[in-house]
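# Secondary and tertiary structure notes
What follows is each chain in one-letter form.
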Amino acid sequence: MSKSEAVKHYALLPHGKSYKCNHCSTEISGAASKGTFNLWRHLRRKHGSILDCGKETAEFNPIFKNFRPKEKFTQENFEKLMVNFIVKTDQSFLVTEEESLHELLLYCKQDVNMITRQTIRRRISTMYDFELQQLYYRLQNIDSKISTIIDCWTSRNQISFHGILISYIDKDNLEVHHEILDLDILRGKHTGKKLSNSFIAVLKQFNLLENLLAVATDKASNCDIL
């Protein structure tokens, strides 16, 4: 976004820390150092007609670039957007039972049916299965060698993961591609044998074992055995 598109509606005050609105003389404190969000918000709330019914806001403010205000509301679209929000912001499924979220959604649309955590789980599982299938089909067309990067770590709730990524070059256009193959769950100690079995199983799942060229790891001792 070009900052001038927002500040053209304001005058920078002499101290250089705030802007004054050219349309109503409102002072936006701290806006000069905090970006343009507050500038756009003031214009939307107080001077919507100046922005041509929000067109300028959607065009120049990246926060609203994907906003579709004229799209007809459907429960199906609402649930898709809710799942997208939960995945991208790493929310707990229990957020759907949060009373304050219900209040916010009901304020926006009084007849909205809140999606349950069970539905969220089912939808995410369906999305995962679809993306996994698409990844499998893409990788079947690889006719070059692959390099892999692997690493292990343990989450706060003591679940151990084995991350496996690959890189390869498309021979047709010489572009480098990167893909996440799996976050395999490990049980017990991270022995070299266990890491090796996990790694080979994932490559076999995608029919990539014969394409393997190199493996990059950290300096952990179990990787020497791997």
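Scroll up for the structure.
I will try to describe carefully the structure that is included in this document. (Residues numbered from 1 in each chain as written. Predicted model: local features only at pLDDT ≥ 70, side-chain atom pairs only at ≥ 80, totals over all residues. Heavy atoms only, no water.)

## Structural notes on a nonpolar patch on the surface
- Taken together, the side chains of Ile149, Trp153, Leu165, Ile180 and Leu183 make up a nonpolar region of the molecular surface, amounting to roughly 470 Å² of accessible area.
- Elements supplying a minimum of two residues to the nonpolar patch: β4 (146–154) and β6 (176–186).
- Mapped onto the elements, Leu183 comes out in strand β6.
- With a relative accessible area of 43%, Leu183 lands in the partly exposed category. (Patch = residues over 30% accessible without salt bridge, like charges linked within 9 Å, V, L, I, M, F, W, Y side chains within 5 Å. Areas by Shrake-Rupley, 256 points an atom, 1.4 Å probe, with all protein chains shown as cover. Salt bridge = Lys/Arg side-chain N within 4 Å of Asp/Glu carboxyl O. Helix = DSSP H or I, 4+ residues; strand = E, 2+ residues; numbered from the N terminus. Buried < 20%, exposed > 50% of the residue type's maximum accessible area, 1.4 Å probe, protein only.)

## With respect to the packing of aromatic side chains
- If you walk through the whole model with that rule in mind, you get four aromatic pairs.
- Consider the rings of Tyr136 and Tyr137, whose centres lie 5.9 Å apart with planes at 65°: the pair is edge-to-face.
- Under the relative-accessibility criterion, Tyr137 is labelled partly exposed at 46%. (Phe/Tyr/Trp six-rings, centres within 6.5 Å; stacked < 30°, edge-to-face > 60°.)

## Remarks on the sheet that holds strand β5 (residues 160–169)
- Strand order in the open sheet formed by four strands is β6-β5-β4-β7, and the pairing between neighbours is mixed. A single partner strand is all that each edge strand has here, and the edge strands are β6 and β7 (212–216). Neighbour-to-neighbour, the strand axes of the sheet open up by a mean angle of 25°, direction not taken into account.
- One ladder, built from nine bridges, connects β4 with β5; its direction is antiparallel. Paired with Asp151 across the two strands is Gly163, which belongs to β5. (Pairing = 2+ DSSP bridges. Axes fitted to C-alpha atoms, helices over the stretch in contact; angles between N-to-C directions.)

## Some details on the pattern of salt bridges
- Enumeration over the complete set of coordinates arrives at five salt bridges.
- Where Arg123 meets Glu76, a salt bridge forms, and the shortest distance between an N and an O atom there is 3.2 Å. Remark: Glu76 occurs in helix α5 (residues 75–88) and Arg123 occurs in helix α7 (residues 117–139); sequence separation between them is 47 residues.
- What makes Glu76 partly exposed here is its relative accessible area of 40%.
- By sharing partners, the salt bridges in this structure join Glu76, Glu79 and Arg123 into a single network.

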